[in-house]
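Residues per chain are reported as follows:
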Amino acid sequence: MRKYLVFLVFLVLFFPINAICSIYYSAGANYLIPTEKFKDKNKKSLGIKLEVMNKNYCRLWYGLRIDQFNLKKENEISYYKKETLISPVVKYSPFVRDCFDNKFLPYIEGQIILSSISGTDNLSKLGFGGGLGLGLAYNFKCFKKCWMIDAQAIYSAPNFIYRADKRENLKSINCGLSLSVSL
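Fair warning: this is a prediction, and the values are worked out from it, not measured in the lab.

(A) Inspection of the sheet that holds strand β2 (residues 45-54) at higher detail. Taken in spatial order, the eight strands close into a barrel running β1-β2-β3-β4-β5-β6-β7-β8, and their pairing is antiparallel. Geometrically, the sheet is characterised by an average inter-axis angle of 25° between neighbouring strands, direction not taken into account. As paired strands, strand β5 (residues 103-119) and strand β6 (residues 126-142) are joined by 14 bridges and run antiparallel to one another. Directly across from Ile-108, in β6, lies its bridge partner Leu-134.

(B) Structural detail: a nonpolar patch on the surface. Taken together, Ile-112, Leu-126, Phe-128, Phe-160, Ile-161 and Tyr-162 make up a surface patch of nonpolar side chains, about 570 Å² in accessible area. Of all the secondary structure elements, the ones that give two or more residues to the nonpolar patch are β6 and β7 (145-162). Per-element tally for the nonpolar patch: the top contributor is β7, with three residues. Within the element layout of this structure, Phe-160 appears in strand β7. Residue classification places Phe-160 among the partly exposed positions, given a relative accessible area of 42%.

(C) Spatial organisation of the pattern of salt bridges. Going through the model one piece at a time under the given rule, you end up with eight salt bridges. Lys-171 is the partner of Glu-36 in a salt bridge, and the nearest nitrogen-oxygen pair spans 3.3 Å. Of the two residues, Glu-36 is situated in the loop between β1 (23-34) and α2 (38-41) and Lys-171 in the loop between β7 and β8 (172-182); the sequence distance between them amounts to 135 residues. For Glu-36, a relative accessible area of 46% translates into the label partly exposed. For the salt bridge of Arg-65 with Asp-67, the shortest nitrogen-to-oxygen distance reads 2.8 Å. A relative accessible area of 1% places Arg-65 in the buried class. Counted as one network, the salt bridges with shared partners bring together Lys-49, Glu-51, Lys-91 and Asp-150.

Definitions and limits used
Residues numbered from 1 in each chain as written. Predicted model: local features only at pLDDT ≥ 70, side-chain atom pairs only at ≥ 80, totals over all residues. Heavy atoms only, no water. Pairing = 2+ DSSP bridges. Helix = DSSP H or I, 4+ residues; strand = E, 2+ residues; numbered from the N terminus. Axes fitted to C-alpha atoms, helices over the stretch in contact; angles between N-to-C directions. Patch = residues over 30% accessible without salt bridge, like charges linked within 9 Å, V, L, I, M, F, W, Y side chains within 5 Å. Areas by Shrake-Rupley, 256 points an atom, 1.4 Å probe, with all protein chains shown as cover. Salt bridge = Lys/Arg side-chain N within 4 Å of Asp/Glu carboxyl O. Buried < 20%, exposed > 50% of the residue type's maximum accessible area, 1.4 Å probe, protein only.

Remember that the coordinates give geometry; whether it matters functionally is a separate question.
Put into structure tokens, the structure is as follows:
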């Protein structure tokens, strides 16, 4: 598993880098809104997001994202405590031709998610799933660096493909705001 993550990070960082502002490092806040059966066990929760994104191509971006949530319990009997998501991400901006400074860039995002979710059920934490979402980014230059502000909403099902037998599919909507910089 570690070999695959190291390989993915290598691809993101070193795959064709010939634009001035191609690799962006991002940090931000996320707001997780549980849906369906998940909302019976947990309340809305804040989290953090870290992302490394190759934006070498104007309309197609790809990278690696890590989300971390300390979940708030809804009831005292059965709930989930912590959710960590590691996701290869692809973002596509079909509505723009020119992606340079001072532009709003709407995009579609897809994720494949490897999750670790701990709960009072003491079942296996491992999950595998995905997510789809929409976002709006704004790029600009400041202090001789390329920057981007990014707002997004993702429908996430981090364990819909694989999860412990007795664990439900934990669907949520993750809304986030982040700031990226190309170093």
